[in-house]
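Architecture and fold: a report
Single-letter residue listing:
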Amino acid sequence: MSLFPAVLAAQATQIVTPHNHGSGQLDFVLSETGFSLTLKVPSMDIVGFEAPAASDDERTQVAIAISELSKPLNLFVVPSEAMCFTTSANVILTHEITDQGTAGDASKGVSDESHAEFQADYVIQCQDLSAVNSLDLAYFERFSGTEKLTVRIASNGTTQFHETTRATPRLSLP
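Residues numbered from 1 in each chain as written. Predicted model: local features only at pLDDT ≥ 70, side-chain atom pairs only at ≥ 80, totals over all residues. Heavy atoms only, no water.

Bringing the state of the cysteines into the picture now. By definition, a disulfide links two cysteine residues through a covalent bond between their sulfur atoms. Summed over all chains, the structure comprises one disulfide. The partner cysteine of Cys 84 in its disulfide is Cys 126, sulfur to sulfur 2.0 Å. One quick way to see it: the torsion about the S-S bond of Cys 84 and Cys 126 is about 100 degrees, and its sign makes the bridge right-handed. Within this pair, whereas Cys 84 is found in strand 4 (residues 84-95), its partner Cys 126 is found in strand 5 (residues 116-126), the two being separated by 42 residues in sequence. Comparing Cys 84 with Cys 126 shows no difference in burial state: the two are buried. (Disulfide = S-S within 2.5 Å. Helix = DSSP H or I, 4+ residues; strand = E, 2+ residues; numbered from the N terminus. Buried < 20%, exposed > 50% of the residue type's maximum accessible area, 1.4 Å probe, protein only.)

Core analysis: the largest hydrophobic core is formed by 41 residues, its most contacted members being Phe 35, Leu 39, Phe 76, Phe 118, Val 132 and Tyr 139. Take this core: its biggest share by element is six residues, from strand 5. (Core = buried A, V, L, I, M, F, W, Y, C linked by side-chain atoms within 4.5 Å.)

So, about the pairing of strand 2 (residues 34-42). For a regular strand, side-chain orientation follows a simple rule: the groups alternate between the two sheet faces. In this structure, strand 1 (residues 23-30) lies alongside strand 2, joined through six bridges in antiparallel fashion. What sits directly across from Gln 25, in strand 2, is Lys 40. Between strand 1 and strand 2, which pair antiparallel in sequence order, lie three residues. Sheet topology note: the strand 2/strand 5 ladder contains nine bridges and is antiparallel. Bridged to Val 41 within strand 5 is Phe 118. (Pairing = 2+ DSSP bridges.)

Under the definition given, this model contains five aromatic pairs. Ring centres of Phe 28 and Phe 35 lie 4.7 Å apart, and the angle between their planes is 20 degrees; on these two criteria the pair is classed as stacked. With respect to class, Phe 28 is no different from Phe 35; both count as buried. Every member of this aromatic cluster is reached through a ring pair, and the members are Phe 76, Tyr 122, Tyr 139, Phe 140 and Phe 143. (Phe/Tyr/Trp six-rings, centres within 6.5 Å; stacked < 30°, edge-to-face > 60°.)

For the structure on display, the rule yields six salt bridges. Across the pair Asp 56 and Arg 59 runs a salt bridge whose closest N-O atoms are separated by 2.8 Å. In this pair, Asp 56 and Arg 59 both sit in helix 3 (residues 56-69), three residues apart, roughly one turn of the helix. Its relative accessible area of 42% is what places Asp 56 among the partly exposed residues. (Salt bridge = Lys/Arg side-chain N within 4 Å of Asp/Glu carboxyl O.)

Structure, rendered in structure tokens:
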């Protein structure tokens, strides 16, 4: 009996984008009343492994990571004057589906080329969107395996790209 059936079910999803360890992607899209965030980061950076969780300890690590990633305003901090709140947070752990041999070959497991990533989608509403002029990435403090995030900011029909790192965890917003 599995303690974390939802975590295990999410692990069967296929990854569609390649990733580099230590480096993730964050999309920040402003709307009239708030913003949405989409995060994609290798699971190695968050929990320290990429193979499907095989032990209770690993399943616990995944569950804790999903719980923490489900609180976006603790990881991506906006000025308190904006009075923002999370209206939606959806976090999953995906695994690249690899050829694991023929049906009769039970000795083959997940290939050495296996990759997994956390994918999160958030919707944030703000009472004063004009106060959202920066984003502090406490994300780097929480997850020690993270080194940089490539951030795509979409606002008013324009798109900007920025790179944030552990050494420069603050981003000025348009």
